[in-house]
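Chain residues, written in single-letter form:
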Amino acid sequence: MHIKKNNQNYDKKWMLHAIFLANHANNMQEIPVGSVVIFNNKIIGEGWNQSISKQDPSAHAEILALRQAGKYISNHRLVDAEIYTTVEPCIMCIGAIINARINRLIFGARKKNRDNLFIKKILSSSESNHNFIITEGILAQECEKAINNFFYYRRTKY
């Protein structure tokens, strides 16, 4: 597993699309997380959180993007694909990313309630049969702002 910080225009381009999807989730009253799967510089899957509207606890942005990507290439293995997501993925989504054999995970904001080694602990476990490159912090402020504003509004609304 490799962890690196990277601010290339390529990463920003796709993270901006993930942020667009997160804003769509927000407009639907969902937690604003967006995710996009890229293969050969092309979108093959995208998703935004839909757990509330679908009444499905597994309808996270990453899961929906991975499902769409698998259908697009007619394979459950997404070897050499990258997944961009606005917020550090949860344990369920990390499991799906591992099972899909994603080559690289790129995320914007780190979840505040997690220690900095969350993903590293999972990937270094003897249970993990696949490793991938991790790039974090791409457009982190924009990603954090979306999620923080959502929860601020929810807390002050009630």
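Everything here concerns the structure above.
Basis of the calculations
Residues numbered from 1 in each chain as written. Predicted model: local features only at pLDDT ≥ 70, side-chain atom pairs only at ≥ 80, totals over all residues. Heavy atoms only, no water. Core = buried A, V, L, I, M, F, W, Y, C linked by side-chain atoms within 4.5 Å. Buried < 20%, exposed > 50% of the residue type's maximum accessible area, 1.4 Å probe, protein only. Helix = DSSP H or I, 4+ residues; strand = E, 2+ residues; numbered from the N terminus. Contact = heavy atoms within 4.5 Å. Salt bridge = Lys/Arg side-chain N within 4 Å of Asp/Glu carboxyl O.

Asker: What is the right way to read the nonpolar core from this model?
Answerer: For soluble globular proteins, the rule of thumb is that nonpolar side chains tend to be buried together. With 18 residues, the main nonpolar core has Val37, Leu66 and Ile102 as its most contacted residues. Those elements that place two or more of their residues in this core are α3 (61-73), α4 (91-100) and β5 (104-109). Among the elements that take part in this core, α4 stands out by supplying 4 residues, more than any other. Excluding residues that lie within four positions of it along the chain, Ile102 makes contacts with Val37, Leu66, Leu78, Ala81, Glu82, Ile83, Ile97, His130, Asn131 and Phe132.

Asker: Please explain the pattern of salt bridges as it appears in this structure.
Answerer: Here the idea is simple: oppositely charged side chains can pair when their charged atoms come close. Scanning the entire structure with this criterion turns up 4 salt bridges. Note that Arg110 is salt-bridged to Glu88, the shortest N-O span being 3.4 Å. Of the two residues, Arg110 is situated in the loop between β5 and α5 (118-124) and Glu88 in the loop between β4 (82-87) and α4; the sequence distance between them amounts to 22 residues. Across the salt bridge formed by Arg110 and Glu136, the nearest N and O atoms sit 2.8 Å from each other. Within this pair, whereas Arg110 is found in the loop between β5 and α5, its partner Glu136 is found in strand β6 (residues 133-136), the two being separated by 26 residues in sequence. For Glu136, a relative accessible area of 15% corresponds to the buried category. Each member of the salt-bridge network shares a partner with another, and the members are Asp11, Glu82 and Arg104.

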